[in-house]
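The chain contents come next:
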Amino acid sequence: SEEFKSKYDKLDILLNNAGLIKGKRTLTEDGIEETFAVNHMGYFLFTNLLLDIIKSTDKSRIVNVSSEAHRMAFSPNFDDVNFEKNKYSSFPAYAQSKLNNILFTYELAKRLEGTSVTTNCLHPGTIASNFGQSGHPVFAFLARLAKPFLKTVEQGSQTNIYLALSKDVENVTGKYFKNKKI
């Protein structure tokens, strides 16, 4: 963020996109469960570090990539983001991180009311990428097996592009999208 701010004085679009699923519980050097750190805290920290320049840019947009997997999280679990109390399982950790992306988007939209900044989140679809290869071996195998039947990266980027560029959502904020195209 500091490097960006040293070179530029405005930021029209911030697109946060991270999707990590780990086969076993690992902690970052800061002691944060890695799936949560990468998938959610990265968005949260980077966005907040750039928020001053985003707010000073006329009609800027923040787009957070989430996942339909958030539906498997059931409810926020802010008391155990590191999975110290509950048994770690890769997919629930991923789902929880993606639910946090959505909740962050909704809260950020409220906090940015009265500014020209919009913030929305999306599900890109199930993409034929390398996602899941660091997850549980069974999940990694199933991800490889399903790859020919999944969306291409280009198809999966359509909702990202829509939220970043479409005039249809120029003044829409605090919403969740999927399957949109310009």
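## Some thoughts on the packing of helix α2 (residues 34-55) against helix α3 (residues 90-111)
Two numbers describe how α2 lies on α3: the axes approach to 7 Å, and their chain directions differ by 20°. It follows from the interaxial angle that α2 and α3 lie roughly parallel. Along its contact with α2, which presents T35, F36, N39, H40, Y43, F44, T47, N48 and L51, the element α3 presents A93, Y94, S97, K98, N100, N101, F104 and L108. Within the contact of α2 with α3, the residues separate by chemical class into 8 nonpolar, 8 polar and 1 charged.

## Some remarks on the pattern of salt bridges
Summed over the entire model, instances satisfying the criterion amount to 8 salt bridges. Note that K10 and D12 form a salt bridge whose closest N and O atoms lie 3.9 Å from each other. Judged by relative accessible area, which is 46%, K10 ranks as partly exposed. Connected through salt bridges with shared partners, the residues E2, K5 and D52 form a single ionic network.

## Looking at the packing of aromatic side chains
The tally for this structure, following the rule as stated, stands at 5 aromatic pairs. With a centroid separation of 4.8 Å and 35° between ring planes, the pair formed by F4 and Y8 is classed as tilted. The exposure class assigned to Y8 is partly exposed, which follows from its relative accessible area of 47%. Ring centres of F83 and Y88 lie 5.4 Å apart, and the angle between their planes is 80°; this geometry places the pair in the edge-to-face category. Here F83 matches Y88 in class, with each residue buried.

## Some points on the pairing of strand β2 (residues 61-65)
With 5 of 5 residues buried, β2 is to be regarded as a mostly interior element. What you see with β2 is no split at all: R61, V63 and V65 on one side and I62 and N64 on the other are buried throughout. Sheet analysis places strand β1 (residues 13-16) next to β2, joined by 4 bridges and oriented parallel. Each residue of the ladder has a partner; that of N16, found in β2, is N64. Regarding topology, α2 serves as the crossover connection from β1 to the parallel β2, and that connection is right-handed. As defined by bridge partners, β2 adjoins strand β3 (residues 118-123) across 5 bridges and the pair is classed as parallel. By the bridge assignment, V63 is partnered in β3 with N120. Crossover β2 to β3 through α3 is right-handed.

Cut-offs used in this document
Residues numbered from 1 in each chain as written. Predicted model: local features only at pLDDT ≥ 70, side-chain atom pairs only at ≥ 80, totals over all residues. Heavy atoms only, no water. Axes fitted to C-alpha atoms, helices over the stretch in contact; angles between N-to-C directions. Helix = DSSP H or I, 4+ residues; strand = E, 2+ residues; numbered from the N terminus. Parallel < 35°, antiparallel > 145°, perpendicular 65-115°, else oblique. Contact = heavy atoms within 4.5 Å. Nonpolar A, V, L, I, M, F, W, Y, C, P; charged D, E, K, R; others polar. Salt bridge = Lys/Arg side-chain N within 4 Å of Asp/Glu carboxyl O. Buried < 20%, exposed > 50% of the residue type's maximum accessible area, 1.4 Å probe, protein only. Phe/Tyr/Trp six-rings, centres within 6.5 Å; stacked < 30°, edge-to-face > 60°. Pairing = 2+ DSSP bridges. Right-handed = clockwise from strand over helix to strand, strands pointing away.

None of this, on its own, says anything about what the molecule does.
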